Amino acid sequence: MNKYIERGEKFLKNCVFNGLAHSWNVESKTYVKPYPEVTGYVIKYFYDNNKDIPKNISDASEFLLKKQDYVRGGFPSFDNDNILYVFDTAQILNGFCSVYKRTHDERFFEAAQRAGKFIINSQELNGAFKPIYNKKVDAWVIRDETYTMWNGPYSGLMCKVVESLLSLYEITQDKMYRESAKLAVSFYENAKFIEYTHPLAYWMEGLLAVNKQDTLKKIIETNIIERICDNGYISYTQSLPYAYVSGTMQLGIILYKTGYLEYAKKIRNYGRVVQSNNEAGGLFQYADSSGNLDRHIHVEMNSWGTKYFCELEKLLEGK
C-alpha cells in the first residue's frame, strides 16, 4: 500500500461513526452531513479491498440494515425517512452485496434483494427509473426539480444503478436483475449529455458496467480529453473555475478502464496534489486548478471523492 492510499483509507476510517460516513468541514474542523448513500460506497470499498475490516465499517453495515424500509426495500437520503431514493438505495445495495460475498451473512443477501426489488418497482417500461418514493403519499414521485442542473429526473446519472443490479445478479443468479439492467442501459445510453463531471461519470460508470466501450470512447474523445489539463485538473463544467474532485477521480478510473492510461495517470497526480494540501488525508469536494481548496460552494472534504481516489491509486500501482 502506498502512502496516498494509506492516508486516504485513514480518512475513510475516521469519517465513519454512529453508523454513517461523514464529510469533514476544513474550517470548523468538525464532521458534517452523515450520509447513508456514501456509507454504502465506503462499506463496499473496505469489503472489496481490505483483508481486515475495521469494526466501525462492519458496524455501519449493521446500522444500514436497520435503516432500510423493510416493506418497500428502499433507503432515505440524509434524515428524511419518508423519502426513499432509488440512486441511494442502489449504492447501499452494492455495499451489501460486497458484505455478503465476504461473510455469507444471509441478512445482507435478503436486504440486497429487498433493495433490488425496490429498484425494479421504480422502473418504467422504457427502462428509466423513477428516482423518488414518497411514503407519505404512498407513491412514486417525478419532480422537475429532481437533479435539475443534471438534466432532470431522467438524468443519465441514474445509469449507475445498473452496477448494483448486476452485483445482485452475480450473487442471486436471478435473471430478473440482469434484464432490468439491460433495459435501463437501452434507455440511458441515449440520455442527454451531462457537462458536470460528477454525474457525467455516474452515467459512464453505468455504461462501463455493461462494457459499452464504443459509446464510452465516443464520449471521451468528443467531450472529455479536451477538458483534461496537463496536471490532470478538469473543471466541473467548461465555465466553472473549480473541479468537483470526485468527478475528476471517477473519470480517471473510467479512462484507465477504457485504455487511456496516460490521462488516468495525470488525474491520479492531480488527486495526489489535492490530498497533499491538507493534513486529514481526504480530498476536498471542490478544488481549484492548483489543487487548493475552492470556497465557492463550501469548505468540505468528502468520503466518496477520497474513496474514488484510493481506487484509482490501486489501479495504477506499478504503472
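Our structure is the block above this text.
Treat the numbers as computed from the prediction; the structure is a model and nothing was measured.

### Some words on helix α8 (residues 197–209)
In this model α8 runs 18 Å from its N-terminal to its C-terminal C-alpha over 13 residues, within 8% of the 18 Å that 1.5 Å per residue would give. Counting buried positions along α8 gives twelve out of 13 residues, so the element sits mostly inside the fold.

### Some remarks on the packing of aromatic side chains
Under the defined criterion, the tally for this structure stands at 22 aromatic pairs. Here the aromatic rings of tyrosine 35 and tryptophan 304 are separated by 5.8 Å at their centres, their planes lie at 90 degrees, and the arrangement is edge-to-face. One end of the pair, tyrosine 35, is in strand β3 (residues 30–35); the other, tryptophan 304, is in helix α12 (residues 303–316), with 269 residues separating them in the sequence. For tyrosine 35, a relative accessible area of 15% gives the class buried. Taking the relative accessible area as the measure of exposure, tryptophan 304 reaches 7% and is therefore buried. Residues tyrosine 244 and tyrosine 286 carry aromatic rings whose centres are separated by 5.2 Å and whose planes lie at 75 degrees to one another, so their mutual orientation is edge-to-face. One end of the pair, tyrosine 244, is in strand β8 (residues 243–244); the other, tyrosine 286, is in strand β10 (residues 286–287), with 42 residues separating them in the sequence. Tyrosine 286 shares its class with tyrosine 244; the two are buried. Three or more aromatic residues link up through ring pairs in this structure, and these residues are Tyr196, Tyr236, Tyr242, Tyr244 and Tyr286. We note lysine 307 situated over the ring of tyrosine 41; from NZ or CZ to the ring centre the distance is 4.9 Å.

### Topic: the packing of helix α6 (residues 161–172) against helix α7 (residues 175–188)
Packing of α6 against α7 brings their axes to within 8 Å, and their N-to-C directions diverge by 160 degrees. Taken as axis vectors, α6 and α7 run roughly antiparallel relative to one another. Judged by the sense of rotation from one axis to the other, the crossing of α6 with α7 is left-handed. Here Val162, Leu165, Leu166, Leu168, Tyr169 and Thr172 of α6 lie close against α7, whose contacting residues are Lys175, Tyr177, Arg178, Ser180, Ala181, Ala184 and Val185. Its residues placed into classes, the contact of α6 with α7 shows nine nonpolar, two polar and two charged.

### Some points on the pattern of salt bridges
On inspection of all chains with the given rule, the structure shows 20 salt bridges. Residue glutamate 9 is joined to lysine 314 by a salt bridge in which the shortest nitrogen-to-oxygen separation is 3.9 Å. Here glutamate 9, found in helix α1 (residues 3–14), pairs with lysine 314, found in helix α12; they are 305 residues apart in sequence, far enough to count as distant. By relative accessible area, which is 25% here, lysine 314 ends up partly exposed. Of the charged contacts in the structure, one is a salt bridge between lysine 265 and glutamate 262, with a shortest N-O distance of 3.6 Å. Note that lysine 265 and glutamate 262 are positioned in helix α11 (residues 261–276) at a spacing of three residues, about one turn of the helix.

### Notes on the packing of helix α2 (residues 36–49) against α12
Axis separation between α2 and α12 bottoms out at 9 Å; the angle between their running directions is 25 degrees. What the angle tells us is that α2 and α12 run roughly parallel. At the point where α2 passes α12, the crossing takes the left-handed sense. Contacts between α2 and α12 involve Val38, Tyr41, Val42, Tyr45 and Asn49 from the former and Ser303, Trp304, Lys307, Tyr308, Cys310, Glu311 and Lys314 from the latter. Grouping the amino acids of the contact of α2 with α12 by side-chain chemistry returns seven nonpolar, two polar and three charged.

About the cut-offs
The residue count restarts for each chain, going from 1 along the sequence in the order it is written. pLDDT decides what is reported in this predicted model: residues at 70 or higher carry local features, side-chain atom pairs at 80 or more are listed and counted, and totals for whole chains, interfaces and linings draw on all residues regardless. Where side-chain values are given, they derive from all heavy atoms of the structure, hydrogens and water being excluded. Put simply, DSSP H or I for four residues or longer makes a helix, DSSP E for two residues or longer makes a strand, and each gets a number counted from the N terminus. Here, expected helix span is obtained from the residue count minus one, scaled by 1.5 Å. Residue burial is assigned from relative accessible area. The probe radius is 1.4 Å, only protein chains are included, and a residue is buried under 20% of its type maximum, exposed over 50%, and partly exposed in between. Pairing of aromatic side chains here covers Phe, Tyr and the six-membered ring of Trp, requires ring centres within 6.5 Å, and sorts the geometry by plane angle: under 30 degrees stacked, over 60 edge-to-face, intermediate tilted. Each ring is checked for a lysine NZ or an arginine CZ that lies within 6 Å of its centre and within 35 degrees of its normal; such an atom marks a charge sitting over the ring. Axis geometry follows a simple rule: fit a line to the C-alpha atoms, using only the stretch in contact for helices, then measure angles between N-to-C directions, giving values from 0 to 180 degrees. Orientation categories follow fixed angle ranges, with anything under 35 degrees roughly parallel, anything over 145 roughly antiparallel, 65 to 115 roughly perpendicular, and all other angles oblique. Handedness of a crossing is defined here by the sense of rotation of the near helix relative to the far one, left-handed for an anticlockwise turn of less than a right angle and right-handed for a clockwise turn. Any pair of residues with heavy atoms lying within 4.5 Å of one another is described as a contacting pair. We call Asp, Glu, Lys and Arg charged. Ala, Val, Leu, Ile, Met, Phe, Trp, Tyr, Cys and Pro are nonpolar, and the rest, Gly among them, are polar. Salt bridge, as used here: a side-chain nitrogen of Lys or Arg that lies within 4 Å of a carboxyl oxygen of Asp or Glu.

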